[in-house]
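Observations on the model geometry
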Amino acid sequence: MTIDLHGSIGASSAESRDWKSLPWDKIRQQVRRLQMRIAKAIRENRHGKARVLQWLLTHSRSAKFLAVKRVTENKGHRTPGIDKKVWRTDRQKFQAVNQLTRRSYHPQPLRRIYIKKKNGKLRPLSIPTMLDRAQQALHMLALAPVAETRADRNSYGFREGRCCADAIAQCFIALAKSYAPVWVLEGDIKSCFDEISHEWLLEHIPMDRRTLARWLRAGFMEKQRLFPTTAGTPQGGIASPALANLTLDGLEAAIRATIKPRRDKVNFIRYADDFLVTAASKEILEQKVKPVIVEFLRERGLKLSEEKTLITHIAQGFNFLGQRVRKYGNKLLIRPTRQSVRSVLEKARHLIGKCRGLAAAVLIRKLNPLLRGWANYHRHVVSKRVFDRVGYYLKAMLWRWARRNHPNKSRGWIKRRYHCADQHGAFSVWTQDREGKKRVLSMYSVARTVIERHIKVRGEANPYQPENIEYFEKRRCFAWRTYPVGKTRAFAAGRDKMATQDAATTKSDCRIASAEVDLRKA
C-alpha cells in the first residue's frame, strides 16, 4: 500500500489498511517543520505569513493523521460524546481523517458531566464528540507555535517541555535568597475556563475565527436538554488549555510595566489559572500590583476569587501546586502539603480496602502507579521525612490487609509470605511472566525514592526554535531518572552510558551523560 501524506491514501481497501504501519516519524517531521515556520513568522511579526502557514497545516494530511492519533490514544479515547461513538478500528480512524474538513464541519453540543473537587463542590466537564476533539487537536497543532512564542516567560502550565516542577523551582529562585522579597500574593481566578469572554477570544486568538466561533457557541446537553454557552471555554476540550493560556499571556508584562521590578522585588509565576506575585512590601501588592491584575482580567471577562486570593508573608508560608513554601529565618523549605499527604494515604486506604480477599499481585499492580506517580511528583523538594512517614503508614495498612486475608496464620508465616521475596524486605510476591519465568513483583517503596533537585527550564526556551531542539531532547532524556538508595553518581554515569547505548541502537540521538552537565551550566 502506498500513502501520500499530502494527498489521498492508495487504492487498497479500507479493511487492508494498517494504522500502525504509517510512517509516523516522517509525519511528525513534516508537521514540526511547518510549526517551526509558523513560530519564525510570529517572531518576525509577519502575521499574514503565519496565517497562511496555519491554513496549510490545518489542511495537511500529516496533521490530520496526528490529530486522529492523539484523540484515539490519550486517556479519554474511550469516553464518547453525545453521539456515543468512539474510534477503535483502523477503518474508523482512516474514515475520521477524511472527515476532518472545514467546509462541512459543524460541531455538536457537548456532553456535560460533573466531577468532585477537593472542597466537595462539583466541577463541570464538557465532553466533545470524537470528531470535534480531532478538529480541536488539528487546529491546536497550528496554534501551539503561536502560543509558545507569545507566552509569558514564567508561565508553566499546559506548555510543551514545562511542568509543575519548573514552577516550584522558580519559586525557590525568587524566594530563597536572604535579600529575597517576603510578601506573596496568591492569585486565583474565579471560574477561569467558564467565564472567558467570547468576544475577546474571537478578536485576539490567531486562528480560524469561524471554526473558533462554532466551538464556543456549540452549547452543551444535560438531562436531555440543550443549554447555550455565552462565555468560557469548556473544560474537557483539547483546545481549552491553549485558549486559556493565550488569554492570560501578557499579565506578567502588564505587572512589570507599572512597577520597578528590581527595586520592588516583583516576581511573577503562573501555572494555568493559579499564579504568584512577590514584592518587597504588602503595600506594593495592594496598591500597585492587584489593581493591574484586576483591570487586566476585567478586559477578558474574568475576575479574581476573593476567598482564594491572599497576601501572605513568607514566614507564614503558602501552598502552591501541592507544595508548602515557607521560610524559616533565612532558609526556604518546600515540602509536600498536608492535604497532599492525606489525599494519597486516603486513596491507598481505599484501594487496599477494595482489594480485600484478592491476590497480593492484584493489590500491588493497583497501588504501584498511585505511589510511584505521587513520589515522582514530590521528589524534587524536601520530601525525605514525608516519604518515610508515608512508607510507615503504608506498611501498617498492608500488614492489616495481610492479617485480615489470613486470620489463622502466624505473624512469621505472613512475613515469610509477603516480605521475603524482595531483597529489601518490601511487600512483594513471586509471580510468573508471559514466558513462564518466575519474577518478584514488589510494592513501590515511597521511602526509598531518591530526592533529586529539578533543573528548571530556561525561561526563553521555545521548542519550536531550531536552536532549542537539542536542548529539549536532552531534557527529555533524563527528566525522570531515579537512582537506587546508596548508589553514587558513578553508578548514575554507568546507567547513563547504558541508556546512551540503547538509544544509539534505536537510532535516537540521546546523550544523557553530557546532557545534565550542559543543563547545569546553563
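Small disclaimer: the values here were computed from a predicted structure and weren't measured.

So, how was this worked out
All residue numbers refer to position in the chain's written sequence, counted from 1. Confidence filtering applies because this is a predicted model: local features only for residues at pLDDT of at least 70, side-chain atom pairs given and counted only at 80 or more, and all residues used for totals across whole chains, interfaces and linings. Side-chain measures were taken over the full set of non-hydrogen atoms in the model, leaving aside hydrogen atoms and water. Partly exposed describes any residue whose relative accessible area lies between the buried limit of under 20% and the exposed limit of over 50%, with all areas from a 1.4 Å probe on protein chains only and scaled to the type maximum. Only runs of H or I of at least four residues qualify as helices and only runs of E of at least two qualify as strands under DSSP, and these elements are numbered from the N terminus. In what follows, a contact means two residues having at least one pair of non-hydrogen atoms within 4.5 Å. Polar contact is the term for a pair of N or O atoms within 3.5 Å; when the atoms are in protein, one must be able to donate a hydrogen and the other to accept it, and sequence-neighboring residues count only if both atoms are side-chain atoms. Here the expected length of a helix is defined as 1.5 Å per residue gap, with one fewer gap than residues. Read the arc as the range of directions from the helix axis to the C-beta atoms. Our working definition of a disulfide is a cysteine sulfur pair at a distance within 2.5 Å. For patches, a residue must show more than 30% relative accessible area and have no salt bridge; joins then use 9 Å for like charges and 5 Å for nonpolar side chains, namely Val, Leu, Ile, Met, Phe, Trp and Tyr. For accessible areas, the Shrake-Rupley method is used with a probe of radius 1.4 Å. Any residue's cover is judged against the shown protein chains and nothing else. Whenever a carboxyl oxygen of Asp or Glu lies within 4 Å of a side-chain nitrogen of Lys or Arg, that contact is scored as a salt bridge. Residue-level confidence of the predictor is what pLDDT reports, using numbers from 0 through 100.

Here's the deal with helix 9 (residues 209–216)
By the burial criterion, the buried members of helix 9 are T211, L212, A213, W215 and L216. Against helix 5 (130–150), helix 8 (198–204) and helix 10 (240–248) lie the buried residues of helix 9. If you check the start of helix 9, you find a side-chain oxygen 3.3 Å away from the backbone N of R210, and it comes from D208.

A short note on helix 2 (residues 47–58)
Between its terminal C-alpha atoms helix 2 stretches 16 Å, which fits the 16 Å expected from 12 residues at 1.5 Å a residue. Among the residues making up helix 2, those that are buried are A50, L53, Q54, L57 and T58. Along the axis of helix 2, the buried residues cluster in a sector spanning 130 degrees; they form a single face. Along helix 2, the residues that are exposed and aim more than 90 degrees away from the buried face are R51 and V52. Each element contacted by the buried residues of helix 2 is listed here: helix 1 (24–43), helix 3 (61–73) and helix 5.

As for the environment of H59
Looking at the secondary structure, you find H59 in the loop between helix 2 and helix 3. In this structure the C-alpha to C-alpha distance between H59 and L138, which are 79 residues apart in sequence, comes to 8.9 Å. Not counting the four nearest positions on each side in its chain, H59 is found in contact with K64 and R102. Side-chain polar atoms of H59 contact the side chain of T58, separated by 3.3 Å.

As for the state of the cysteines
Going through the model one piece at a time under the given rule, you end up with zero disulfides. No disulfide involves C163; its sulfur sits 6.7 Å from that of C164, the nearest cysteine. Residue C163 is classed as partly exposed on the basis of its relative accessible area of 24%.

Considerations on a nonpolar patch on the surface
On the surface, V52, W55 and L56 cluster together into a nonpolar patch covering about 310 Å² of accessible area. On the secondary structure map, V52 appears in helix 2.

Let's talk about the confidence of the model for the chain
When pLDDT is averaged along the chain, the result is 87, and 88% of the positions lie at 70 or above. The model gives residues 479–522 a pLDDT under 50, and that stretch makes 51 contacts with residues more than four places away or in other chains.

Brief notes about unusual backbone geometry
In this structure, A272 takes a positive phi of about 60 degrees despite not being glycine. Tracing the backbone through its elements, the reader meets A272 in the loop between strand 6 (267–271) and strand 7 (274–279). Residue A272 is classed as buried on the basis of its relative accessible area, which comes to 12%. The phi torsion at L321 lies on the positive side, around 55 degrees, for a residue other than glycine. Within the secondary structure, L321 is located in the loop between strand 9 (318–320) and strand 10 (323–328).

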